[in-house]
Amino acid sequence: MHDLYGDPDVVRAVVERFGPEVLAAGGEVDRAALGARAFAQEGGIAYLEGLLHPRIEGRRRAWVAEQAARRPPPPLLVCEVPLLFEAGAEGGFDAALLVTAPADVRRRRVEARGQDFDQRSARQLPEEEKAARADRVLVNDAGLDDLRAWVAARFAEYAGRPCDAPIRDH
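Just so you know, these numbers come straight off a predicted model, no measurement behind them.

Q: Before we move on, can you summarise the overall build of the protein with the specific residues and values?
A: From N to C terminus, the protein includes 7 helices and 2 strands. When the helices and strands of the protein are placed in sequence order, the string is α-α-α-β-α-α-α-β-α. For the protein, the proportion of contacts with a sequence separation of at least 24, taken over those separated by at least 6, is 63%. Approximately 10600 Å² of the protein is accessible, and the part contributed by carbon and sulfur atoms is 54%. Side chains of the protein carry 24 positive and 29 negative charges; the gap between the two charge centres is 2 Å.

Right, here's the structure in full:
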């Protein structure tokens, strides 16, 4: 959904709130610069969430409807939602699966992207709470083969459930 930062209304709103310094030389939103400013400003992240989340949800609903109209419908629909539990949005899905990792692994991954782990994790629910709210949990501290096996097992578990059922509202 990073392409939402190309939407002229989103660009305009972001520049109004955070200033022209969040734009790259070509006029597109510089997500790293925006992230730094949003985290630094009181209410900055909440503003971005309020701006983007309704648009993301609208796209998700349209995509689900499009998939449900296909004949035959796909055996399974999967949506990756990084802040699902923080947004209280898990009720909009038939199941919530959590892939997590030990704190040191998560820290290494976040910092490898040039982001501040402590700043970002402070805005998230504790992993234990997310795990308690999820239907299934994988602690992703092994190799890709283990991850692939877990995903295949979840596919077998959930595939075939009708995707044309109404979407639950949060």
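Q: Explain unusual backbone geometry residue by residue, including any values.
A: Each neighbour pair has its own omega, and for Arg 71 with Pro 72 the value is -5 degrees, a cis peptide bond. Mapped onto the fold, Pro 72 is located in the loop between helix H3 (44-69) and strand S1 (97-100).

Q: Residues and numbers for the nonpolar core, please.
A: Grouped together as the largest cluster of nonpolar side chains are 16 residues, with contacts concentrated most on Tyr 5, Val 14, Phe 18, Leu 34 and Leu 48. Looking at this core element by element, the count peaks at 5 residues for helix H1 (residues 8-18). Leave out the neighbours within four places in its chain, and Leu 34 touches Tyr 5, Val 14, Phe 18, Val 22, Val 29 and Leu 48. Grouped together as the second largest cluster of nonpolar side chains are 7 residues, Leu 84, Ala 89, Phe 93 and Ala 134 included.

Q: Any chance you could break down the packing of aromatic side chains for me, citing the residues and the numbers?
A: Throughout the structure, instances matching the rule amount to 1 aromatic pair. Seen from their ring centres, Phe 18 and Tyr 47 are 5.9 Å apart, and the 70 degrees between their planes marks the pair as edge-to-face. Of this pair, Phe 18 sits in helix H1 while Tyr 47 sits in helix H3, placing them 29 residues apart in sequence. Seen from the ring of Phe 93, Arg 60 lies directly overhead, with NZ or CZ sitting 4.2 Å from the centre.

Q: Describe H1, naming the residues involved and giving the relevant values.
A: Among the residues of H1, those classed as buried are Val 10, Val 11, Ala 13, Val 14 and Phe 18. What you see down the axis of H1 is that its buried residues fit within an arc of 165 degrees, all on one side. In H1, the exposed positions that point more than 90 degrees away from the buried face belong to Pro 8 and Glu 16. By the N-cap criterion, in which a side-chain oxygen at the helix start approaches the backbone nitrogen of a residue two or three places on, H1 is capped by Asp 7, the distance to Asp 9 being 2.7 Å.

Q: Describe the pattern of salt bridges, and please don't skip the residues or the numbers.
A: It is possible for side chains bearing opposite charge to pair when their charged atoms get close. Under the defined criterion, the tally for this structure stands at 16 salt bridges. For the salt bridge of Arg 133 with Glu 129, the shortest nitrogen-to-oxygen distance reads 3.3 Å. Placement of both Arg 133 and Glu 129 in helix H6 (residues 127-133) is noted, with a separation of 4 residues, approximately one turn of the helix. According to the relative accessible area criterion, Arg 133 is partly exposed, its value standing at 32%. Residue classification places Glu 129 among the partly exposed residues on the basis of a relative accessible area of 35%. When the shortest N-O distance is used, the salt bridge between Arg 148 and Asp 145 registers 3.7 Å. Of this pair, Arg 148 and Asp 145 both sit in helix H7 (residues 144-158), 3 residues apart, roughly one helical turn.

Q: Pulling in residues and values, what's your account of the environment of Leu 83?
A: Here Leu 83 lies in the loop between H3 and S1. Taking the C-alpha atoms as reference points, Leu 83 and Pro 73, separated by 10 residues in sequence, lie 27 Å from one another. Not counting residues up to four positions away in its chain, the partners in contact with Leu 83 are Glu 49 and Gln 124.

About the thresholds
- Residues numbered from 1 in each chain as written.
- Predicted model: local features only at pLDDT ≥ 70, side-chain atom pairs only at ≥ 80, totals over all residues.
- Heavy atoms only, no water.
- Helix = DSSP H or I, 4+ residues; strand = E, 2+ residues; numbered from the N terminus.
- Contact = heavy atoms within 4.5 Å.
- Areas by Shrake-Rupley, 256 points an atom, 1.4 Å probe, with all protein chains shown as cover.
- Lys, Arg positive; Asp, Glu negative; His and termini not counted.
- Charge placed at Lys NZ, Arg CZ, Asp CG, Glu CD.
- Core = buried A, V, L, I, M, F, W, Y, C linked by side-chain atoms within 4.5 Å.
- Buried < 20%, exposed > 50% of the residue type's maximum accessible area, 1.4 Å probe, protein only.
- Phe/Tyr/Trp six-rings, centres within 6.5 Å; stacked < 30°, edge-to-face > 60°.
- Lys NZ or Arg CZ within 6 Å of the ring centre and 35° of its normal.
- Arc of directions from axis to C-beta.
- Polar contact = N/O pair within 3.5 Å; in protein donor to acceptor, adjacent residues only side chain to side chain.
- Salt bridge = Lys/Arg side-chain N within 4 Å of Asp/Glu carboxyl O.

It is worth stressing that arrangement in space is one thing and function is another; only the former is reported here.
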